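Each chain is listed here by its residues.
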Amino acid sequence: AGIFTFDPGFMSTASCHSAITFIDGEKGVLLYRGYPIEQLATKASFLEVVYLLLYGELPNEKALVGFEKLVSRHTMLNENLKNFLDGFHYDAHPMSILIGVVGSLSAFYHDSLSVNEYHDREISAHRLIAKLPTIAAAAYKHSIGEPIMYPRNDLRFCANFLHMMFATPCEDYKPRLVAEKALNLLFILHADHEQNASTSTVRLAGSSGANPFACLAAGIASLWGPAHGGANEAVLDMLLEIGSVDNVPRYIEKAKDKDDPFRLMGFGHRVYKNYDPRAKIIREVCHQVLEELAEANNPLFDLAMKLEDIALNDEYFVERKLYPNVDFYSGIIYQALGIPRNMFTVMFAIARTVGWVSHWMEMMSDSNNRIGRPRQIYCGPSQRDYLPISRR
Ligand code: CMC
């Protein structure tokens, strides 16, 4: 037997020590390595934040230039991965392709799989950060039947991603600065969020000594669910289903009805119980971006505002402290950038790769790391004897 603490959903369990991200859910505070998310989101470049999360300090100019070069060296994919991609049906969800291709990286890059060597771990981390955008864009190109675009290392991280998404061999694509800036912001906001479901999945998978590519594939699988990273796609699905401002009250009633499985997607958070600081930043930027992209009259944005307004004044949502989270707005911006709905969670995965590898690196350097092995409260039958099939 044995007495264990029952903590479904790990509501009150700290699974590790970590020096990466701090969250105060009551006060709506989010810090990466001590720096407020508000400052990083408005002032830093994505790769600057990547360096910060991975190594613990902001880079000086020389370190940043060196790091940018290092990451760009790893943006290419092994040519044989193209054959793997071609095996997927054209209408495969890009998240399913991502899980498969990222998992398969361990079959292509086994020169850096000694997980007990810091140097190997670091190369794998750089490879994952650099290759995720290439894989993501390739999954998109596959789904629309266009040839894969190779990365362009003369472009910055976000501009290169937009190039791989929207250029074709016959036509170059010049990303607009507003699009690049919006992507930079969204990637920073999504880069890490301490022990969320997918990061905990990566840590648990990695605690056995599994290789980082396999661990990341596990993390991507966890992210896909609509209660986690899949929410940004689900928000857009929901807004389209609601259709018009007149229908909002009916859907609010559905969300409150416990016999109806419908939930307001993009509302509520396990940790933030007053507001999600990321949502506050993105809400402000959302309007600006839509205006600059000449999408100021985007009806989905008006609908989202109305939904937010009604929900924030409804007793049910107030009592339960349910506020819009970061993903309530991210899908609207992605849509304005021309990124299709089934790529929204993939975008989240590109950004969160940084958090996943940072946590994996931290865990692997921790001499107290032990294999994750929760126990359970057994509630099945007590011991009984096997009966021959004729007597059952
Ligand atoms: N719509 C309607 N009711 C809700 C919602 C919602 N979106 N979220 C929570 N509730 C209710 C829930 O029914 C429960 O009510 P009661 O106490 O009467 O039973 C109460 O609020 C507490 O909810 P919970 O499910 O116990 O809370 P949780 O901490 O387990 O779940 C959550 C957090 C984010 C999974 C949940 O709020 C949810 O499903 N939200 C919609 C999905 C979503 O937007 N997810 C993205 C999260 S942010 C991005 C990320 O980090 O991945």
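None of these values were measured; they are calculated from a predicted model.

**Q** Just to check I follow, could you spell out the overall build of the protein chain for this structure?
**A** When helices and strands are counted, the protein chain shows 17 helices and 3 strands. Relative to the globule expectation of 21 Å for 392 residues, the C-alpha radius of gyration of the protein chain, 22 Å, shows essentially globular dimensions. The principal-axis extent of the C-alpha atoms belonging to the protein chain is close to 75 × 60 × 50 Å. Put simply, 74% of the contacts in the protein chain that link residues at least 6 apart link residues at least 24 apart. On the protein chain, roughly 19,500 Å² of surface is accessible, and the fraction owed to carbon and sulfur atoms is 53%. Distance between charge centres in the protein chain, computed from 38 positive and 45 negative side chains, equals 5 Å.

**Q** Just to check I follow, could you spell out helix 7 (residues 157–166) for this structure?
**A** Three- or four-residue spacings in an α-helix give side chains the same orientation, since the helix completes a turn every 3.6 residues. Here helix 7 lies mainly inside the structure; 9 of its 10 residues are buried. Among all positions in helix 7, only Phe157, Cys158, Ala159, Asn160, Phe161, Leu162, His163, Met164 and Met165 are buried. Buried residues along helix 7 sit in contact with helix 2 (46–55), helix 3 (61–73), helix 6 (118–144), helix 8 (177–190) and helix 17 (344–365).

**Q** Got a minute to help me understand the site of the ligand in this structure?
**A** The environment of the ligand is formed by 20 residues, the closest being His228, Lys258, Arg263, Leu264 and Arg270. Within the side chain of Lys258, a nitrogen or oxygen atom sits 2.8 Å from an oxygen atom of the ligand. In the model, an oxygen atom of the ligand is placed 3.0 Å from a nitrogen or oxygen of the Arg320 side chain. When the ligand is considered free in solution it has 940 Å² of accessible area, and contact with the protein chains removes 76% of it.

**Q** Can you help me understand the pattern of salt bridges in this one?
**A** When the charged atoms of two side chains lie near each other, side chains of opposite charge can form a pair. Evaluated as defined, the whole model comprises 15 salt bridges. Glu253 serves as the salt-bridge partner of Lys256, at 3.2 Å between the closest nitrogen and oxygen. In this pair, Lys256 and Glu253 are both assigned in helix 12 (residues 248–256), 3 residues apart and thus about one turn of the helix distant. Judged by its relative accessible area of 23%, Lys256 is partly exposed. Among the ionic pairs, Asp314 bridges to Lys256, the shortest N-O distance being 2.9 Å. Of this pair, Asp314 sits in the loop between helix 14 (299–312) and helix 15 (315–319) while Lys256 sits in helix 12, and the two are 58 residues apart along the sequence. One salt-bridge network, held together by shared partners, links Arg152, Asp154 and Asp172.

**Q** Help me understand the pairing of strand 1 (residues 21–24), please; the structure alone is not making it clear to me.
**A** It is a general feature of regular strands that their side chains alternate between the two faces of the sheet. Bridge count for strand 1 against strand 2 (residues 29–32) is 4 bridges, and the pairing is antiparallel. Each bridged residue has a counterpart across the sheet, and for Asp24 the counterpart in strand 2 is Val29. What sits between strand 1 and strand 2 in their antiparallel hairpin is a turn of 4 residues, with Gly28 showing a positive phi close to 70 degrees.

**Q** Where do I start with the UniProt feature "active site" (unreviewed entry) in the protein chain in this structure?
**A** The UniProt entry lists His269 and Asp327 under the feature "active site" (unreviewed entry), expressed in the numbering used here. The greatest C-alpha distance among the annotated residues, which extend across 59 residues, is 10.6 Å, indicating that they converge on a single site. Its place among the elements puts His269 in the loop between helix 12 and helix 13 (277–292). Residue contacts for His269: discarding those within four places in its chain leaves His193 and Arg278. Only 3.3 Å separates the side chain of His269 from the backbone nitrogen of Tyr272, close enough to count as a polar contact. Not counting residues within four places of it along the chain, the set of residues in contact with Asp327 comprises His190, His228, Ala231, Asn232, Val235 and Phe348.

Analysis parameters
- Here the residue numbers are simple positions, counted from 1 along each chain's written sequence.
- Only residues with pLDDT of at least 70 get local features here, since the model is predicted, and only at 80 or more are side-chain atom pairs given and counted; chain-wide, interface and lining totals rely on the full set of residues.
- Side-chain measures here rest on the full set of heavy atoms in the structure, leaving out hydrogens and waters.
- Numbering of helices and strands starts at the N terminus; helices are DSSP runs of H or I of at least 4 residues and strands are runs of E of at least 2.
- All radius of gyration figures rest on C-alpha atoms, and the globule criterion is 2.2 Å times the number of residues raised to 0.38.
- Residues count as neighbours in contact if any of their non-hydrogen atoms are within 4.5 Å of one another.
- What sets the accessible areas is the Shrake-Rupley method with a 1.4 Å probe; for residues, cover comes only from the shown protein chains.
- Positive charge is attributed to Lys and Arg, negative charge to Asp and Glu, and no charge count is given to His or to the chain ends.
- Think of each charge as sitting on NZ of Lys, CZ of Arg, CG of Asp or CD of Glu.
- Each residue's exposure class comes from its accessible area (1.4 Å probe, protein chains only) as a fraction of the maximum for that residue type: buried when under 20%, exposed when over 50%, partly exposed otherwise.
- Here, proximity means that at least one heavy atom of the residue falls within 4 Å of the molecule or strand.
- Polar contacts, as used here, are pairs of N or O atoms within 3.5 Å; protein pairs need one atom able to donate a hydrogen and one able to accept it. Residues neighboring in sequence count only if both atoms are side-chain atoms.
- A pairing counts as a salt bridge when a side-chain nitrogen of Lys or Arg comes within 4 Å of a carboxyl oxygen of Asp or Glu.
- Note on pairing: two strands pair once DSSP finds at least 2 bridges between them.
- UniProt positions are given in the numbering used here, feature names are shortened, and annotations may be inferred rather than shown by experiment.

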